[in-house]
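Summary of structural features
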Amino acid sequence: MYGTAIREGSRNRAGLIGLAAGLGAAAAAFAGWRFFRNGKTAPAAAPAFAPGEADPENLDQTRSAGHEAMRDKPKRAWDKVDQAVDESFPASDPPAY
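Residues numbered from 1 in each chain as written. Predicted model: local features only at pLDDT ≥ 70, side-chain atom pairs only at ≥ 80, totals over all residues. Heavy atoms only, no water.

Description of the overall build of the protein
If you tally the helices and strands in the protein, you get two helices and zero strands. In the protein, which comprises 97 residues, the proportion classed as buried is 10%. Of the contacts formed within the protein by residues at least 6 apart in sequence, a portion of 4% connects residues at least 24 apart. Total accessible area on the protein stands at roughly 8200 Å², and carbon and sulfur atoms take up 61% of it. (Helix = DSSP H or I, 4+ residues; strand = E, 2+ residues; numbered from the N terminus. Buried < 20%, exposed > 50% of the residue type's maximum accessible area, 1.4 Å probe, protein only. Contact = heavy atoms within 4.5 Å. Areas by Shrake-Rupley, 256 points an atom, 1.4 Å probe, with all protein chains shown as cover.)

Focus: the pattern of salt bridges
Enumeration over the complete set of coordinates arrives at two salt bridges. In this structure, R71 engages D72 in a salt bridge whose closest nitrogen and oxygen atoms are separated by 3.0 Å. Classification of D72 as partly exposed rests on a relative accessible area of 48%. Residues D82 and R76 are paired through a salt bridge, measuring 2.8 Å at the closest nitrogen-oxygen approach. (Salt bridge = Lys/Arg side-chain N within 4 Å of Asp/Glu carboxyl O.)

Re the environment of M70
Along the polypeptide, M70 turns up in the loop between α1 (2-38) and α2 (80-88). Considering only alpha carbons, one finds M70 and P51, 19 residues apart in sequence, at a separation of 8.7 Å. Non-local contacts of M70, meaning those with residues more than four positions away in its chain, are made with A48, F49, A50, R63 and W78.

Re the environment of D86
Mapping D86 onto the fold places it in helix α2. As a C-alpha pair, D86 and H67 span 19 residues in sequence and 8.5 Å in three-dimensional space.

If you want it as C-alpha cells, here you go:
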C-alpha cells in the first residue's frame, strides 16, 4: 500500500512537469510566430546596397551593376574584367577574359 502511494505521487509530479514543459513550448512557439510575423517587412538599409539602391518592395534584392551601386567602395580600382564580372551577375557564366 505504501509503495502505491509513492508511485501515484511520482505520476502526478511527472504529469505536472510534462504540463509545464508543454506550456513552455507553446509559449515559445507563439513568441517565435509573433517575432517572424512582425519581421516580414524589408530592412531599412540593405547591407550590400548604396543608399537609394535597395527597394523594399523588391523581394529579389539584386543590386545594379557597377561599384557605384555598392555600399562599400572597392579597395582597388576596377578594371574591365571586374566590371564585366559584376555585370554578368546573376548569370551562371562569367565573361571569358
